[in-house]
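Overview (structure and organization)
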Amino acid sequence: MSDNSAGETVHSETVSGGSTDGARRGDDGVATAGRDDTTARLPEGFEVLVVGPTHGGGIVSYISEQTERLQDHLTVTVHDSGAPPAGSGIRRFLSGLVTALVALVRFAARSPPNVVHVHTSHHFSFYRKGLYVFLARYVWDVPVLLHVHGSGFDDFVRTEARLVAAYQRAVFGACDEIVVLSEDWKEIVATRAPRSKLRVLPNAVDPAAYRADPTDEVPHFVFVSNLIERKGVAEFASAVERLAERHPGEFRVSIAGDGPLSDRVERLAAAREEVTYHGYVSEQRKRELLAEGSVFVLPTYAEGLPIAMLEGMAGANAVISTGVAAIPEVIDDDRGILVEPGDAEALADALEALLTDPEGRARMAETNRRAVEEEYSWQSAIDELLRIYAAHARN
């Protein structure tokens, strides 16, 4: 049902078969999906059109994983909504506006799918994606699923700007389902959207892609993220310096990523033999670092539900992070330690607490790996998405 001439990228096609815990095709030719006694039924040739960017990070990675796994169960097509170019100023704004308009025209020119699944973040992303929601609902008259991402979406929804709030209500009102990452976000979005439309679906990772070894000879703290202020890079560097003064040579630190604060990390690695700065690393090397680590550290100021943290858990790491957004819904006392954002002293104390408690580290590592397998795997996420799609296939 996809229309290549309209500019979409077809990532998959309808296939038969599948496993008993995913989608399968019954004797009547109807695709079914679900686990145990929960079965979702999808008509033959059912197509989901996924709307979102195809270049960049964050949402792009999620869309790629989503479409790869959905293709075993239905027809899934990705429409590239475009993304503003790097930089700032009027030229960036105009270029992003033109890109968005061209993408929207291509979207309107194609044939309607059975369900439109729109991925959005806050601000300009939401303003653009709202137009896709309106087209799908009021022109095509097909069900729309809006999937919310982005570290600042909670603040975006709390805006006091009346026009923005009115636009948010209109977009949410046109949706059939609104997927949020956590119960906390559900409560926030419920101030603008009907609660009956809200559904919590956490981010997901593939635990099989990560080697899980909860043992360690030397405590190994791993930080893998963009080196930007929001991720708490400066606080982590300060905390490591304090820990090194208290326990010189008794631990390792690996930092991977790049960004404007890379010079701070480079200075830390040059001054402390316990620290290795790897710079930007490949996906494979990232997974190796997480498997080699014993504690994943993310002292962030703002997040949704960080996939990097789930990846650290999949690699059998205890977690040290902050109590922002959805993180406290995942990390309790059995899984790690949470501190206040910006508190380098408390972060150093948390590092020391796990440094000096090898049994606690190992116990948290095993618990976290098991939690990812049971609660945050892609299999669980895809099963839930299939149930959502199937609910609208019957309408």
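Placed above this text is the structure.
Here goes a summary of the coordinates provided. It should be emphasised that the depicted structure is a prediction, and the values quoted were computed from it without experimental measurement.

Analysis parameters
- Residues numbered from 1 in each chain as written.
- Predicted model: local features only at pLDDT ≥ 70, side-chain atom pairs only at ≥ 80, totals over all residues.
- Heavy atoms only, no water.
- Helix = DSSP H or I, 4+ residues; strand = E, 2+ residues; numbered from the N terminus.
- Buried < 20%, exposed > 50% of the residue type's maximum accessible area, 1.4 Å probe, protein only.
- Contact = heavy atoms within 4.5 Å.
- Areas by Shrake-Rupley, 256 points an atom, 1.4 Å probe, with all protein chains shown as cover.
- Patch = residues over 30% accessible without salt bridge, like charges linked within 9 Å, V, L, I, M, F, W, Y side chains within 5 Å.
- Salt bridge = Lys/Arg side-chain N within 4 Å of Asp/Glu carboxyl O.
- Polar contact = N/O pair within 3.5 Å; in protein donor to acceptor, adjacent residues only side chain to side chain.
- Pairing = 2+ DSSP bridges.
- Axes fitted to C-alpha atoms, helices over the stretch in contact; angles between N-to-C directions.
- Right-handed = clockwise from strand over helix to strand, strands pointing away.
- Core = buried A, V, L, I, M, F, W, Y, C linked by side-chain atoms within 4.5 Å.
- Nonpolar A, V, L, I, M, F, W, Y, C, P; charged D, E, K, R; others polar.

Helix and strand counts for the protein chain stand at 14 helices and 16 strands. Buried residues in the protein chain amount to 52% of all 395 residues. Sequence separation of at least 24 residues holds for 70% of the intrachain contacts in the protein chain that already meet a minimum separation of 6. Only carbon and sulfur atoms are counted for the fraction: they give 49% of the accessible area of the protein chain, which is about 16800 Å².

Let us look at a nonpolar patch on the surface. Taken together, the side chains of I90, F93, L94, L97 and L101 make up a nonpolar region of the molecular surface, amounting to roughly 470 Å² of accessible area. In this structure L97 comes out as partly exposed when scored by relative accessible area, which is 32%.

Position of H117 relative to the elements: it lies in strand β7 (residues 115-120). There is a polar contact of 3.2 Å between the side chain of H117 and the side chain of Q66. Within the structure, the side chain of H117 is placed 2.7 Å from the side chain of Y389, a separation counted as a polar contact. Once residues lying within four places of it in the same chain are set aside, the contact partners of H117 are V48, L49, V50, V51, Q66, L145, H147, L385 and Y389.

The final tally for this structure, using the stated rule, is 27 salt bridges. Notably, a salt bridge pairs R110 with E47, separated by 3.2 Å at the nearest N-O pair. Of this pair, R110 sits in the loop between α2 (90-109) and β7 while E47 sits in strand β5 (residues 47-52), and the two are 63 residues apart along the sequence. Of the two residues, R110 and E47, both sit in the buried class. The closest approach of N and O atoms between E177 and R199, which form a salt bridge, is 3.3 Å. Placement of E177 in strand β9 (residues 177-180) and of R199 in strand β10 (residues 198-200) is noted, with a sequence separation of 22 residues between them.

Right, let's get into the sheet that holds strand β15 (residues 318-322). What the 6 strands build is an open sheet, ordered β13-β12-β11-β14-β15-β16; its pairing is parallel. Edge positions in the open sheet fall to β13 (275-279) and β16 (336-339), since each of these has one partner strand only. Neighbour-to-neighbour, the strand axes of this sheet turn through a mean angle of 20°, independent of strand direction. In terms of strand pairing, strand β11 (residues 220-224) meets strand β14 (residues 295-298) through 2 bridges, oriented parallel. Looking at the pairing, F221 lines up with V295 of β14. Sheet contacts for helix α8 (residues 262-271): β12 (252-256) and β13; angle to β13, the most-contacted strand, approximately 145°.

As a further point, take unusual backbone geometry. For H123, which is not a glycine, the phi torsion comes out positive at approximately 50°. Its place among the elements puts H123 in the loop between β7 and α3 (124-140). Classification of H123 as partly exposed rests on a relative accessible area of 43%. The backbone phi angle of A316 is positive, close to 65°, even though this residue is not glycine. Considering the arrangement of structural elements, one finds A316 in the loop between α10 (307-314) and β15. Note on A316: relative accessible area 2%, which makes it buried.

Residues in a regular strand project their side chains so that they alternate between the two faces of the sheet. Across the 6 residues that make up strand β6 (residues 75-80), a large majority, 6, are buried. On β6, burial covers both faces: T75, T77 and H79 on one face and V76, V78 and D80 on the other are all buried. Bridge analysis of β5 against β6 gives 6 bridges, and the strand direction is parallel. When the bridges of β6 are listed, V50 appears paired with V78.

The next thing to look at is the environment of E245. Mapped onto the secondary structure, E245 falls in helix α7 (residues 233-246). Each C-alpha atom, one on E245 and one on R272, is 10.0 Å from the other, the two residues being 27 residues apart in sequence.

Moving on, we come to the pairing of β11. By the criterion of burial, β11 is predominantly enclosed, with 5 of the 5 residues buried. Burial along β11 is two-sided: the face carrying H220, V222 and V224 and the face carrying F221 and F223 are both buried. Considered for its hand, the β-α-β crossover made up of β11, α7 and β12 is right-handed.

Among soluble globular proteins, nonpolar side chains are generally buried collectively. Of all hydrophobic cores here, the largest spans 57 residues; its most connected members are F153, I178 and V189. The greatest single-element share of this core, amounting to 5 residues, is contributed by α3. Apart from the residues lying within four places of it in its own chain, the contact partners of F153 are S121, H122, F126, V148, F172, W185 and V189.

Okay, the packing of α10 against helix α13 (residues 358-375) next. Two numbers describe how α10 lies on α13: the axes approach to 7 Å, and their chain directions differ by 115°. Within the contact between the two elements, α10 uses L310, M313 and A314 and α13 uses N368, R369, A371 and V372. Its residues placed into classes, the contact of α10 with α13 shows 5 nonpolar, 1 polar and 1 charged.

The next point concerns the side chain of S254. Position of S254 among the secondary structure elements: in strand β12. A residue is classified by how much of its surface remains accessible, and S254, at 4% relative accessible area, is buried. Here H278 takes part through its side chain, which lies 3.4 Å from a polar atom of the side chain of S254. Residue contacts for S254: discarding those within four places in its chain leaves H220, F221, V222, F223, T276, H278 and L289.

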